[in-house]
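# Structural features, examined
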Amino acid sequence: MKIEGLFLASRAGRRIFWTLLIAAAGPIVLFGASAHDALSEHFAAQEQRQRVQATKYAGLALLDNLLVARTVLGILARTGEADIETRIGNRRGRVLADMAAVGLDGNVRAGSTALWQRWRHLVALDNTGAAIGDARLVVGEQGEGEAPPPVLMTLRTPESPNAVWMAEIDRAYLFGELGADATGERICVLDGGGRVLFCPIAVDLAAHRSKAPDGTFGWRTGWNLFLRSDFGVADWTLVNVGEVRERSMPGGISLARMTALGTLGSVLFVVMLSLVQVRRTMVPLERLAAGTRRLSAQDYTARVPDEAQDEFGELARSFNDMAARIGRQIEAMQVQSSIDREILNGLDIARILQQVARRLQQLIPGAQVSIVQFDREARSLARVHHPDESMRVINLARTDAVESVPSQGEALSRCDPQPRWLAQVLGGPCENVYVQWARSGGEALALLVLGVDGAPISLASIVQEIDELRDRVRVALAAADREQRLVERATRDSLTGLANRAGLLEHLDREVAHAGESVLSLLFVDLDRFKDVNDSMGHQAGDELLSIVARRLRACVPADTLVARPSGDEFVLVSGRPRDEVEALAGSILVRLATPIALHGRTLSIGASIGMARCPEHADNAADLIRRADMAMYDVKLRGGGEAAWFEDRLDARITERAMLRADLHLALQRGEFEMHYQPRVDARSGRVRSAEALLRWRHPDKGLVPPGAFIDILEEGPLIDEVGLWAIETACRQAAQWRTSGVQIGSVAVNVSTRQLHATDFPERVISILRRCDLPASALELEITESIFVGGSADAIARLHALRDAGLRLALDDFGTGYSSLSYLHKLPIHVLKVDRSFVAELGVRDSALTLARSIVALARALDLHVIAEGIETLGQANMLRALGCDELQGYLFAKPLPPEQIGACIERLADPRATEALAAH
Ligand code: C2E
Ligand code: MG
Ligand code: MG
C-alpha cells in the first residue's frame, strides 16, 4: 500500500524513529564497547590459562622424556651394555646422544671416553651427591656459537655401585616436541639457574616476565618443572613464548569484529524494531489522516482498516462510525436539498413524494414504503406513491384515514391496531406498520407509511431524518396547495367567481387544441347599458349588477358551458354544443338579461348584445375566435344592440374600414371636412318651420358624405368629440345668426351634444362664449342630450346642464324611450323639450302598444310641462297621430331631410306654403 511507504515521510514518524534509535543505539554502542573490553580481558585470561596449561603439558612431557631417559640409562647400566644405546635409540628414536660408564676411580669403563673427558669437571665421582639408584641431571656449559648447553644425566645402579653411568640426553628427543607444536605454542626451557636450555625461537625472554602485585617478578606463562626429588636439581622453568594469538570467536571471527558486528546488529535490530513500532504507530495515523482528508474532500465512503485491537483500532472504529454517520447525514441533507430544489423549481408533487419514499426505503432497507397523498378536491380519493415511481389512486377519505390511524403527535409511531386499508396502501399486510402524518394548518395532507416484517425496528436513529422528510412533504403539499389556489385566483374573477381573461384563454387554448373534429362556439356577451350604470350609480352598484348578471348567466347555461368575465361588462361563454343549441342559448341569455334588475331601489333594464363565432369555421385559434365573436357583438351594438348574431366575414372588412375612419377623423377637423346640415322641425298645428336640428356631416375625400352614425361613436372614444362638438355648436350658432340677419325665420337651432361633452367642466362657459361671439341670444340655441345622461352623466354633468339652462339655453332630451325606463327621473333634468324617439314613431300604426306608449309619453311630458317633439316622421299617418296626441313639433323626412344651410330658406318657404300642407295631406 502506498501509505506504508510514506510513514517515514511524516515528521512525527521520523521523530519517533530517531528518538527510539538514539535512545537505544547509545547504550548499545556503550555496551558493545564494554562487552568488547570484558570479553577481550576474559579471552586474555583464558589465553593465559591455556598457555600456562600448554606449558604445563609441555613440562610434563619434558618430565616424561627425562624419566624415559633415566629408565633407558638405568637399563643400560644394569645390563652393562653401553653399546646398545643405538638399538634402543633406533627403536624409540634416539634418547641418549652419548653415554659413558665411569668408575668411581675416574676410569672409563665403558662408553664414550670423550664424554667423560668433556664433562668430568661437572661430575664429582667422589661425591655424586646421589644415592644409588638416583639419577642426577647436570647441565653443561654453553657451547660455541651460542649452542645451547647439553643436558647430562648421571645414574648409579645397585648392579655396579662403583661406577657412575653418565649420558648426554639427545636434545632432539628431549625438546623436540616443544619446538614443533602444531598449536603454535613456543616453549623455552630454563634451568634453575636461569640458563636457557631450549628455546625454539630467538626471543627476548625479559618481555615475558611480569610483575606480580606483590612486586615480585615471575613468568607470565611460565611453569616450574619440579625435578629435585627425581633428579636432585633445582626446578626447571618452562616459559611459553609463542605469539599471542588473535582472540577469535567460533567461526574464526575476531572479537573486535564480533563486537562491532554485534553492536551493529543490535543497532540494526533497534532500527528494525523502531521502524516496526513507528510503522505500527504511523501507518494507522497516516490512514486516519488520509481518511480525514477524504472525508473533508467530501468522500463520505472513506473508511480505515479497524481490525487492530489496540487504541488505534478503537480510534479507527470511532472514525469509521463518524464517517458513516456524517455520510448518512450528508446523504440525508443531499436528499433533502434535492427535494427542496424540487419544491422551489417545479413542484412536481409526484416526483417529490417518490423521492421521499425512496429515501425512506434507503433508511430502512427491506421496508415497504408508501406515501398517501390526500386529494384536496376529490375528498374520497387518495394517491399512493411508491419508491419505484409508481402511483395508485385508491378510495380512501381523508377523514376515515385520520380517524382510523391514531396520530400520536407528529412523530413516527407504530400503528397498532392496523386498519385494513393500510395493507392496501402497502400492497400487502406487514407485521409492523409505522405511520407519520404530514399536516399543514391542522389539515392532514399526507401519511408516510412504513411496513416491516419480523422484529419491530428501532426508530431512534432515523426518527429525526424522517421528521425532516415529513416536513418536506408538508411544505411541498402546502406549497402545491397554495399554488393551486394562486392559479385559481389568477384565472378566476374574484367578483363573480367566473373564469377571468387568463382562465378563459387557458380553457380556450386547451379546448381549441383538443377540439379536433368537434366544433366549439364562443358567445361574446356585452351589456348594453352597463357603463352608464357604473358611471351614474357608482362602482359598487356596477359590481353588484355584474354579480347579478353572472348569476343569471350561470343559471341559464348548461354545466358543460364555460362562463367567463374577461373584462368589465363583457362575458364570454364557450360551448361545444351544436349550432342550433348555441343559438337557443343566446336567445335565452338575451331574455334573461333583458329582465329588469332591481338595484338600490331602481329598476334597471340592462340589455345585452351577443356576438357568436365558431371554431374552426370562423377561427382556428383562441385569440381569433374571441376577436371574431367580439366583432359580431360590436356589429350587433351598432345595429342598436339587444340581439345575438354570428360572425360574418364582412364584419372584418367593416372593422378595417372603421380603423381607417378612425385614422382619418383626426385630420378631418383641420382639413375642414366637417359640415353641418339642418333638418327643419315644423309646428304641429301650423305646419310652419319653427326650428331646425343641426346634424353633423363629414365630407370624406374618398367616401363622400359620411353620416354621423358611422363616426360619432369613434369621436366619442376620445377627446376629439369635445373639439368637434364645440365646432358643431359654433357652426350652428353662426348659421343661426346669419339666418337671423338674412331674415330666414327659424326660432332656434338644436345641436346634438354627447354626454361625454358634458364631462368637460368648462363646457357651459365655452358654449356661452360661442353665443356671445356669434351674437346670438341663448334662447336661439337648443342642446339635445340623450337619456344616457341619466346613467353616463354624473351629478356634475347635470349641474352643468343647470348652468346652461340658467344661461337661457333650451335643453332637449333626445331619443326618449330608447334607453332607460326612467320617466320618474325626468323631473330631475333641467330640460324644456322631450324628443320622442323615431323607433316609437316608426311603430305607430304597426303595433297597438306603440300608440299607448306614445300617448303615455306625451301625457307625462305634458304633466311635466315639457315641449314635445316627435322625430322620424315619415308618413302622414304618423304625423296625424302625433299631432292628435298633442305633440308640439314634428320632424322627419315627411317634411324635410337634413339639408345644407343654403337650402333651408327654400325649404322654409316650401313648407310655409299651405299647398305644401295639402300635398302632404294628399300624400
Ligand atoms: P338624432 O339626434 O336623433 O337625429 C335625428 C336623426 O334621425 C338624423 O340622423 C336624421 O337624419 C334622422 N331622421 C330624421 N327624420 C327621419 C325620418 O323621417 N326617418 C329616418 N329614418 N330618419 C330620420 P343622422 O343625421 O344620421 O344623425 C344620427 C344621429 O347622430 C343623431 O340622432 C344624433 O344623435 C347624432 N348626431 C348628429 N349630429 C351630431 C352632432 O353634431 N353632435 C352629436 N353629438 N351628435 C350628432
Ligand atoms: Mg338629435
Ligand atoms: Mg333623435
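Here's a quick rundown of the structure. Please read all numbers here as calculations on a predicted model, not as lab measurements.

## As for the sheet that holds strand E22 (residues 570–575)
- Across the sheet, five strands lie side by side as E21-E22-E20-E25-E26; this open sheet has mixed pairing. Both outer strands of the open sheet, strand E21 (562–567) and strand E26 (644–646), are each paired with one neighbouring strand and no more. Each adjacent strand pair in this sheet contributes to an overall mean axis angle of 25°, direction not counted.
- Note that strand E20 (residues 520–527) and E22 share six bridges and pair antiparallel. Looking across to E22, one finds that Phe-524 is bridged to Val-572.
- Where helix H15 (residues 539–556) meets the sheet, its contacts fall on E20, E21 and E22, and the angle it forms with E22 comes to roughly 15°.
- Taken strand by strand, helix H16 (residues 579–594) contacts E20, E22, strand E25 (608–615) and E26, and its axis lies near 165° from that of E25.

## Considerations on the coordination of the magnesium ion (ligand 3)
- Donor atoms from the polypeptide that coordinate the magnesium ion (ligand 3) comprise Asp-814 (OD), Asp-815 (OD), Glu-871 (OE) and Glu-871 (OE), at 2.0 to 2.7 Å from the metal.
- Read from N- to C-terminus, the donor residues coordinating the magnesium ion (ligand 3) fall into the pattern D-D-x55-E.
- Here the magnesium ion (ligand 2) and the magnesium ion (ligand 3) are spaced 3.9 Å from one another, each receiving a donor from Asp-814. Of the two residues, Asp-815 sits in strand E32 (residues 810–816) while Glu-871 sits in the loop between strand E34 (867–870) and helix H26 (876–885), which places them 56 residues apart along the sequence.
- Classification of Asp-815 by relative accessible area gives partly exposed; the value is 25%.

## Some thoughts on the sheet that holds strand E3 (residues 135–139)
- One open sheet holds the five strands; their spatial order is E2-E1-E5-E4-E3, and the pairing between them is antiparallel. A single partner strand is all that each edge strand has here, and the edge strands are strand E2 (108–111) and E3. Shown here is a sheet whose adjacent strand axes are inclined to one another by a mean of 20°, direction ignored.
- Of the pairings in the sheet, the one linking strand E1 (residues 96–103) to strand E5 (residues 163–169) comprises seven bridges and is antiparallel in character.

## A short note on the pattern of salt bridges
- As enumerated under the stated definition, the model contains 43 salt bridges in all.
- Measuring nitrogen to oxygen at the nearest pair gives 2.9 Å for the salt bridge that ties Arg-470 to Asp-471.
- Take Arg-470: its relative accessible area is 6%, and that puts it in the buried class.
- Judged by relative accessible area, Asp-471 falls into the partly exposed class, the value being 25%.
- Here the salt bridges share partners, and the residues they tie into one network are Arg-681, Asp-683, Arg-690, Glu-693, Glu-782, Glu-784, Arg-810, Lys-835, Glu-871 and Glu-889.

## Describing the state of the cysteines
- Enumeration according to the criterion identifies one disulfide in this entry.
- Between the sulfur atoms of Cys-188 and its disulfide mate Cys-199 the distance is 1.7 Å. Torsion about the S-S bond of the Cys-188 and Cys-199 cystine: about 45°, corresponding to right-handed handedness. Here the residue Cys-188 occupies a position in strand E6 (residues 187–190), and Cys-199 occupies one in the loop between strand E7 (196–198) and strand E8 (209–211), the gap between them amounting to 11 residues.
- Cys-430 provides the cysteine sulfur closest to Cys-415, a residue in no disulfide bond, and the two sulfurs are 12 Å apart.
- The class of Cys-415 is buried, set by a relative accessible area of 2%.

## Here's the deal with the packing of helix H20 (residues 720–742) against helix H21 (residues 763–774)
- In the contact formed by H20 and H21, the axes pass within 9 Å of each other and the chain directions differ by 30°. The angle between the axes of H20 and H21 places the two elements in the roughly parallel class. Here the hand of the crossing between H20 and H21 comes out right-handed. Facing H20, whose interface residues are Leu-726, Ile-729, Glu-730, Cys-733, Arg-734 and Ala-737, H21 presents Phe-763, Arg-766, Val-767, Ile-770, Leu-771, Arg-773 and Cys-774.
- Grouping the amino acids of the contact of H20 with H21 by side-chain chemistry returns nine nonpolar, no polar and four charged.

## Some points on the packing of helix H7 (residues 255–296) against helix H8 (residues 311–345)
- Contact pair H7 / H8: the axes reach a minimum separation of 10 Å and the direction vectors enclose 10°. Between H7 and H8, the interaxial angle falls into the category roughly parallel. Of the residues in H8, those touching H7 at Arg-280, Thr-281, Pro-284, Leu-285, Leu-288, Gly-291, Thr-292 and Leu-295 are Phe-312, Leu-315, Ala-316, Phe-319, Met-322, Ala-323 and Ile-326.
- Its residues placed into classes, the contact of H7 with H8 shows 11 nonpolar, three polar and one charged.

## Brief notes about the site of ligand 1
- In the vicinity of ligand 1, 23 residues are found, and the nearest of them are Glu-693, Asn-752, Asp-814, Glu-874 and Tyr-893.
- Side-chain polar atom of Asp-814 to an oxygen atom of ligand 1: 2.6 Å apart, as the coordinates give it.
- A distance of 2.8 Å separates an oxygen atom of ligand 1 from a polar atom in the backbone of Tyr-893.
- Alone, ligand 1 offers 780 Å² of accessible surface; in the complex the protein occludes 85% of this.
- Those elements giving two or more residues to the shell around ligand 1 turn out to be strand E27 (674–683), strand E28 (689–700) and E32.
- Per-element accounting of the shell around ligand 1 gives the leading share, four residues, to E28.

## Considerations on the side chain of Thr-263
- Position of Thr-263 relative to the elements: it lies in helix H7.
- Given the relative accessible area of 14%, Thr-263 is considered buried.
- Among all residues touching Thr-263, those that are not within four sequence positions of it are Ile-28, Val-29 and Gly-32.

## So, unusual backbone geometry
- The amide bond that connects Asp-416 to the next residue, Pro-417, takes the cis arrangement and shows omega of 0°.
- Summarising the element assignment, Pro-417 is placed in the loop between strand E17 (413–414) and helix H11 (421–426).
- A cis amide bond links Cys-615 to the next residue, Pro-616, at an omega of 10°.
- Tracing the chain through its elements places Pro-616 in the loop between E25 and helix H17 (622–638).

## Observations regarding the coordination of the magnesium ion (ligand 2)
- Around the magnesium ion (ligand 2), the protein contributes the donor atoms Glu-693 (OE), Asn-752 (OD1), Glu-784 (OE) and Asp-814 (OD), at 1.9 to 2.3 Å from the metal centre.
- Look at where the donors of the magnesium ion (ligand 2) fall in the sequence and you get E-x58-N-x31-E-x29-D.
- Given a relative accessible area of 3%, Glu-693 falls into the buried group.
- According to the relative accessible area criterion, Asp-814 is buried, its value standing at 5%.

## Quick look at the packing of aromatic side chains
- Applying the stated criterion across every chain yields a total of eight aromatic pairs.
- An angle of 70° between the planes, with centres 5.2 Å apart, marks the rings of Phe-17 and Trp-18 as edge-to-face.
- The exposure class assigned to Phe-17 is buried, which follows from its relative accessible area of 9%.
- Centroid distance Trp-698 to Phe-711: 5.6 Å. Interplanar angle 80°. Geometry classified as edge-to-face. Remark: Phe-711 occurs in the loop between strand E29 (704–706) and helix H19 (712–715) and Trp-698 occurs in strand E28; sequence separation between them is 13 residues. Both residues of the pair, Trp-698 and Phe-711, count as buried.
- Over the aromatic face of Phe-231 sits the side chain of Arg-70, whose NZ or CZ is 5.8 Å from the ring centroid.
- Above the face of the Trp-646 ring, Arg-579 is positioned so that its terminal group lies 4.6 Å from the ring centre.

## Focus: the nonpolar core
- In terms of nonpolar packing, the biggest core is built from 84 residues, with Ile-729, Leu-783 and Leu-890 touching the most fellow members.
- It is H20 that provides the largest number of residues to this core, a total of 11 residues.
- Once residues lying within four places of it in the same chain are set aside, the contact partners of Leu-783 are Ile-729, Val-751, Val-753, Phe-763, Leu-804, Leu-809, Arg-810, Leu-811 and Ala-812.
- By size, the runner-up hydrophobic cluster in this structure holds 36 residues, among which are Ala-77, Leu-178, Val-189 and Phe-198.

Rules used throughout
Residues numbered from 1 in each chain as written. Chains lettered and ligands numbered in written order. Predicted model: local features only at pLDDT ≥ 70, side-chain atom pairs only at ≥ 80, totals over all residues. Heavy atoms only, no water. Pairing = 2+ DSSP bridges. Helix = DSSP H or I, 4+ residues; strand = E, 2+ residues; numbered from the N terminus. Axes fitted to C-alpha atoms, helices over the stretch in contact; angles between N-to-C directions. Contact = heavy atoms within 4.5 Å. Donors = N, O, S within 2.8 Å, 3.2 Å for Na, K, Ca; no water. Buried < 20%, exposed > 50% of the residue type's maximum accessible area, 1.4 Å probe, protein only. Salt bridge = Lys/Arg side-chain N within 4 Å of Asp/Glu carboxyl O. Disulfide = S-S within 2.5 Å. Parallel < 35°, antiparallel > 145°, perpendicular 65-115°, else oblique. Left-handed = near helix turned anticlockwise from the far one by under 90°. Nonpolar A, V, L, I, M, F, W, Y, C, P; charged D, E, K, R; others polar. Near = heavy atom within 4 Å. Polar contact = N/O pair within 3.5 Å; in protein donor to acceptor, adjacent residues only side chain to side chain. Areas by Shrake-Rupley, 256 points an atom, 1.4 Å probe, with all protein chains shown as cover. Phe/Tyr/Trp six-rings, centres within 6.5 Å; stacked < 30°, edge-to-face > 60°. Lys NZ or Arg CZ within 6 Å of the ring centre and 35° of its normal. Core = buried A, V, L, I, M, F, W, Y, C linked by side-chain atoms within 4.5 Å.

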